[in-house]
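# Descriptive analysis of the structure
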Amino acid sequence: MCGRYTLFTPPDELESRFDATVGFEFEPRYNAAPGQQLPVVVDTDPGRIQRLEWGLVPRWADDDSGGHINARSETVAEKPAFAEAYQRRRCLVLADGFYEWADRGDGKRPYRVAFDDDRPFAMAGVWERWTPETQQVGLDAFGDGATDGGDPEPLETFTILTTEPNGVVEPLHHRMAVILNADDEGAWLNGDSVSLSPASGDNMRITPVSSAVNDPSNDRPGLIKPADTDRQR
DNA sequence: CCAGACGTTGTT
DNA sequence: GTCTGG
DNA sequence: CCAGACGTTGTT
DNA sequence: GTCTGG
């Protein structure tokens, strides 16, 4: 699956690659984690790269906790939590690698999956807008009625579709993110039917990395450095 | 009809 | 063990 | 995904 | 909101 990824491609390269402009202060990410605001291209505004929160909260959810970070591509069209987003709210989740954890004999360790040249790609995503229930004020005996000011902020979230692994990822894991064919990105945003099959493993590689990746508060270039599997306990 | 769930992965 | 936060 | 918390009352 | 279970 995909629960952590990288996006350190410089913003000007992302802009030309995805034909969209970056409208925020872009910081390279070596350990993007669920719950964070991360760069995506949404269907309603495909000329912009903007940030949404990773972890889809359905429109009807009672609260904004516990968003869904992944959706199975095989069922995303039918599941109540995703069906409407799949039909009408798609996005490209920009990345240049993702992490998978695997136990190869001596404990669970992280690996980075990426293309040989670290080129950026789009993972298939769907997004949602959740608006907090507007509070009824003035009925609460102890409420002062003055603390709740303007309109509640809508929360925009996204989830990443998963599929079976290709030959490169298969030794690590039995699920992986859907990587769109570059040619399909526009069609995906457009609501058309595109291939959500596993990307070919051609030109992809896995690299063992430091278990410093485990802690989401670590986010620095050294994280993608190859780690010696044997030396690292 | 209303009530209650609505997700994935992995692990057992 | 299970939930929440990042 | 992993890391870290996981509780209450009352007092400062 | 929409689907499933009772």
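These figures come from a predicted structure and were not determined experimentally. (Residues numbered from 1 in each chain as written. Chains lettered and ligands numbered in written order. Predicted model: local features only at pLDDT ≥ 70, side-chain atom pairs only at ≥ 80, totals over all residues. Heavy atoms only, no water.)

In this section: the nonpolar core. With 29 residues, the main nonpolar core has Y5, V93, F98, M123, F158 and I160 as its most contacted residues. Only β4 (37-42), β5 (48-54), β7 (90-95), β8 (97-103), β9 (108-115), β10 (121-130), β11 (155-163) and β12 (176-177) provide two or more residues apiece to this core. Discounting chain neighbours no more than four positions away, the residues touching M123 are C2, Y5, C91, L92, V93, A95, F98, I160, A177 and V178. (Core = buried A, V, L, I, M, F, W, Y, C linked by side-chain atoms within 4.5 Å. Buried < 20%, exposed > 50% of the residue type's maximum accessible area, 1.4 Å probe, protein only. Helix = DSSP H or I, 4+ residues; strand = E, 2+ residues; numbered from the N terminus. Contact = heavy atoms within 4.5 Å.)

So, on to the environment of M204. Take M204: it is sitting in strand β13 (residues 204-208). Separated by 169 residues in the primary sequence, M204 and G35 have C-alpha atoms spaced 27 Å apart. With sequence-adjacent residues up to four places away left out, M204 is seen in contact with V113, A114, F115, D116, N166, V168 and I179.

This next bit is on the pattern of salt bridges. Throughout the structure, instances matching the rule amount to 14 salt bridges. R48 serves as the salt-bridge partner of D45, at 2.9 Å between the closest nitrogen and oxygen. On the accessibility criterion, D45 (25% relative accessible area) is partly exposed. Accessibility expressed as a relative area gives 36% for R48, which makes it partly exposed. For R59, the salt bridge is made with E84, and the minimal N-O distance between the two is 3.2 Å. Of this pair, R59 sits in the loop between β5 and β6 (70-72) while E84 sits in helix α2 (residues 83-88), placing them 25 residues apart in sequence. For R59, a relative accessible area of 44% corresponds to the partly exposed category. With relative accessibility at 28%, the residue E84 sits in the partly exposed group. Each member of the salt-bridge network shares a partner with another, and the members are R59, E84, R88, R89 and E128. (Salt bridge = Lys/Arg side-chain N within 4 Å of Asp/Glu carboxyl O.)

A contiguous patch of negative charge, built from D62, D63, D64 and E133, is present on the exposed surface. By the element assignment, D63 lies in the loop between β5 and β6. Take D63: its relative accessible area is 40%, and that puts it in the partly exposed class. (Patch = residues over 30% accessible without salt bridge, like charges linked within 9 Å, V, L, I, M, F, W, Y side chains within 5 Å. Areas by Shrake-Rupley, 256 points an atom, 1.4 Å probe, with all protein chains shown as cover. Lys, Arg positive; Asp, Glu negative; His and termini not counted. Charge placed at Lys NZ, Arg CZ, Asp CG, Glu CD.)

Neighbouring residues of DNA strand B: 15 residues in total, closest R72, T162, H173, H174 and R175. The contact in question runs from a phosphate oxygen of DNA strand B to an N or O atom on the side chain of R72, over 2.7 Å. Separating a phosphate oxygen of DNA strand B from a side-chain N or O atom of T162 is a distance of 2.8 Å. The dominant element in the surface near DNA strand B, judged by the number of residues it contributes, is β6, at three residues. (Near = heavy atom within 4 Å. Polar contact = N/O pair within 3.5 Å; in protein donor to acceptor, adjacent residues only side chain to side chain.)

It is worth spelling out the confidence of the model for chain A at this point. Regions with low pLDDT should not have their predicted coordinates read in detail. Confidence in the prediction for chain A averages 90 pLDDT; 90% of positions are at 70 or higher. In the model, residues 136-149 has pLDDT below 50 throughout and makes two contacts with residues more than four positions away in sequence or in other chains. In the model output, the complex is listed with pTM 0.91 alongside ipTM 0.84. (pLDDT = per-residue confidence, 0-100.)

Looking now at the protein's contact with DNA strand E. If you check the shell around DNA strand E, you find R59, W60 and P80 and nothing else. Near-protein atoms of DNA strand E (within 4 Å) split between backbone and bases, with sugar and phosphate holding 15%. A distance of 3.4 Å separates a base nitrogen of DNA strand E from a polar side-chain atom of W60.

Counting buried positions over the nine residues of β11 gives eight, a clear majority of the element. As judged from the two bridges shared by β5 and β11, these two strands associate in the parallel manner. Counterpart to W54 in the pairing with β11 is F158. Two strands pair when backbone bridges link them, and β6 and β11 are joined in this way by three bridges, in the parallel orientation. In the strand pairing of β11, A71 is matched with L161. Sheet topology note: the β10/β11 ladder contains six bridges and is antiparallel. Pairing of G125 across the sheet is with I160, part of β11. The pairing of β11 with β12 spans two bridges and is classified as antiparallel. Bridging from a neighbouring strand, T163 pairs with M176 of β12. (Pairing = 2+ DSSP bridges.)

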